[in-house]
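Here's the letter readout for the chains.
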Amino acid sequence: MTDAGDAQRLTELLRANADSLIDRWVGEVASLLRGRATRTELEADFREFFAALLPLVGNDGKDTGAPEFAEIRSLTEEYSRARVRAGFTPSETASSVFSLKREVFALTENENDPELFRQVMVFSGLLDALGLLTFEFYARARDEIIREQSEQLLELTTPVVKIWEGVLAVPLVGTLDSARTQVVMEKLLEALVETGSEHAIIDITGVFAVDTQVAQHLLKTVVAARLMGAECIVSGIRPQIAQTIVALGIEFGDIMTKASLADALRYALRRDGVDLVHREVR
Amino acid sequence: MERVPILKIGGVLLVSIQIDLQDQSVLALQEDLAEKISSTGAHGVVIDISAVEIVDSFIGRMFATIASISRLFDADTVVVGMRPAVAITLVELGLTLGGVRTALDLERGMKILGQLGRGRDA
């Protein structure tokens, strides 16, 4: 590891040319991002980054976990997170850091000083390490987003809606796995108690595959609802799924199944003693 | 040992379980209920379990047993107010309470018994 004192020449050079350097750096990155980030925004970010970077000149960046990297790590993390949310690619994020390297090379290429050249090489290693760090933070931030979204999806895709006085409907969409069916089962039973509904329609029009385990869960839900004094109707079984169910030999027993949600609703209403009549219009 | 009270409302016996059921109390309840149906000639039994949070297979079987006993006296049994967690547990235990009627709450349970009672007189 090179002692920071060795890199005095480069530090001075960078400090003296800070404004023009940052200006060109911002210009390069702005053209790279094609107007998706404003110059003012970038300049504020880069100035902060540059200020945190200066004391580290001379460090080769082999150990970015060291305490002196704390500030620049948090800046990099913040920057990478903001880029993930704004929808930038990882390369675009990392090249923001790498662009600085090019500008520093341009700044020093006319100096005929082997010592300075050595310092620039060390500095280049430092920037490489920081560039990789942006990758790391970028991936971590994206993982978090994916995890959040899959949790939201689980909640979002299992709504229990009241479609009539005493009739609940659960439109299931997508793939049913054990975890999801469990959520549906609990939410439905809770809703039955809350609303005092005697009928529940489980609509599986949006479900493209059913295996024995899923069918087993559906049957359990229906039986549990029956124990509580409510009747479940399964509707919207797709033709392919009907074939699978028969081929797998799954017995639906005395559970009411209807072709469509409308049929199921009509059946539930009739059992509740509600009659629907077509009125002559005018 | 705590005993579960059995109340008579018209031709219906109401059993509201408000305690943690021990096996002993379950057996006592079955005996008391048989006595009571036979002495009052009730045509229906309502078991309210809305306060019951934990069940085991023994309690699960109690419902079926009570229903069978009542049927011998020509009385119908309705279990009302089962909580979701209890329902899930019973299903996982493989107890589906065949032959026992269920209702969401006491009011609906009484209504079901009323309808069955009317059918009986006709």
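Note that this is a predicted model, so its numbers are computed, not measured. (Residues numbered from 1 in each chain as written. Chains lettered and ligands numbered in written order. Predicted model: local features only at pLDDT ≥ 70, side-chain atom pairs only at ≥ 80, totals over all residues.)

S.K.: What's the story with the overall build of chain A in this structure? I'm lost.
M.R.: For chain A, the count of helices and strands is 10 helices and five strands. Here chain A holds 282 residues, and the buried ones make up 32% of them. Here the contacts in chain A between residues at least 6 apart in sequence split such that 78% fall between residues at least 24 apart. (Helix = DSSP H or I, 4+ residues; strand = E, 2+ residues; numbered from the N terminus. Buried ≥ 20, exposed ≤ 12 C-beta atoms within 10 Å, placed from the backbone. Contact = placed C-beta atoms within 7 Å.)

S.K.: Help me understand the nonpolar core, please; the structure alone is not making it clear to me.
M.R.: When a protein is soluble and globular, its nonpolar side chains tend to lie buried together. Judged by nonpolar contacts, the single largest core of 66 residues is most densely connected at Ala200(A), Ala224(A), Met228(A), Val45(B) and Ala87(B). The element best represented in this core is helix H8 (residues 212-227) of chain A, accounting for eight residues. If we ignore the near neighbours within four places in the chain, the residues touching Met228(A) are Leu189(A), Leu192(A), Met82(B), Pro84(B), Ala87(B), Thr102(B) and Leu104(B). Counting 29 residues, the second largest nonpolar core, distinct from the first, contains Ala37(A), Val57(A), Val84(A) and Val97(A). (Core = buried A, V, L, I, M, F, W, Y, C linked by C-beta atoms within 7 Å.)

S.K.: Looking at this structure, how should I read the sheet that holds strand E5 (residues 256-258) of chain A?
M.R.: The pairing of strands in a sheet happens through backbone hydrogen bonds and is either parallel or antiparallel. All names here are of chain A. Taking strand neighbours across the sheet as the criterion, the five strands line up as E1-E2-E3-E4-E5 in an open arrangement whose pairing is mixed. Edge positions in the open sheet fall to strand E1 (161-164) and E5, since each of these has one partner strand only. Going from strand to strand, the sheet's axes swing by 30° on average, the running direction of each strand aside. Bridge count for strand E4 (residues 231-235) against E5 is three bridges, and the pairing is parallel. Looking across to E5, one finds that Ile-233 is bridged to Met-256. Against the sheet, helix H7 (residues 178-195) makes contact with E1, strand E2 (167-173) and strand E3 (199-206), and its axis sits at roughly 165° relative to E2, the strand it touches most. (Pairing = 2+ DSSP bridges. Axes fitted to C-alpha atoms, helices over the stretch in contact; angles between N-to-C directions.)

S.K.: Explain helix H2 (residues 18-32) of chain A here, please?
M.R.: The α-helix winds at 3.6 residues per turn, so residues separated by three or four positions along the chain end up facing the same way. Residue and element names in this part refer to chain A. Under the 1.5 Å per step criterion, the end-to-end length of H2 is 21 Å for 15 residues, consistent within 8% with the ideal 21 Å. The secondary structure elements touched by the buried residues of H2 are helix H1 (8-16), helix H3 (39-53) and helix H5 (90-108). Positive backbone phi, approximately 45°, marks Arg-34, located one or two places after H2. (Expected span 1.5 Å × (residues − 1).)

S.K.: Is there a simple way to explain the environment of Leu42(A) in this structure?
M.R.: Relative to the helices and strands, Leu42(A) resides in helix H3. When neighbours within four sequence positions are excluded, Leu42(A) is seen to be in contact with Val26(A), Val29(A), Ala30(A) and Ala37(A).

S.K.: Explain the interface of chain A and chain B to me, please; I cannot follow it from the model alone.
M.R.: You'll often see interface size given as the accessible area lost when the parts meet. Each partner contributes to the interface: chain A provides 15 residues, whereas chain B provides 14 residues. Elements represented by at least two residues in the side of chain A that touches chain B include exactly H7 and H8 of chain A.

S.K.: Explanation requested: the packing of H8(A) against helix H3 (residues 84-92) of chain B in the structure shown.
M.R.: To characterise two packed helices, one gives the angle between the axes of the helices and the distance between these axes. Where H8(A) meets H3(B), the closest approach of the two axes is 9 Å, and the angle between their N-to-C directions is 125°. Between H8(A) and H3(B), the angle is such that the two are oblique. Crossing of H8(A) against H3(B): the hand is right-handed. Where H8(A) approaches H3(B), its residues Lys220(A), Val223(A), Ala224(A) and Leu227(A) are matched on the opposing element by Ala87(B), Ile88(B), Leu90(B) and Val91(B). Residues that form the contact of H8(A) with H3(B) fall into these classes: seven nonpolar, no polar and one charged. (Parallel < 35°, antiparallel > 145°, perpendicular 65-115°, else oblique. Left-handed = near helix turned anticlockwise from the far one by under 90°. Nonpolar A, V, L, I, M, F, W, Y, C, P; charged D, E, K, R; others polar.)

S.K.: What is the right way to read helix H10 (residues 261-271) of chain A from this model?
M.R.: Residue and element names in this part refer to chain A. For H10, every residue scored as buried is listed here: Ala-264, Leu-265 and Ala-268. For H10, the angular spread of buried residues about the axis comes to 100°, placing them on one side. Residues of H10 that are exposed and point more than 90 degrees away from the buried face comprise Ala-262 and Arg-270. The secondary structure elements touched by the buried residues of H10 are E1, E2, E3, E4 and E5. One or two steps after H10, the chain reaches Gly-273, where phi turns positive at roughly 85°. (Arc of directions from axis to C-beta.)

S.K.: Even after reading the chapter, I still don't get the sheet that holds strand E3 (residues 44-48) of chain B, so can you show me in this structure?
M.R.: Residues and elements named next belong to chain B. Taken in spatial order, the five strands of this open sheet run E1-E2-E3-E4-E5, and their pairing is mixed. Looking at the sheet topology across the chains shown, the edges are occupied by strand E1 (6-9) and strand E5 (101-103). On average, each strand axis in the sheet is inclined to that of its neighbour by 25°, with strand direction left out of account. Relative to E3, strand E2 (residues 12-16) is paired through five bridges, and the arrangement is parallel. Looking across to E3, one finds that Ser-16 is bridged to Asp-48.

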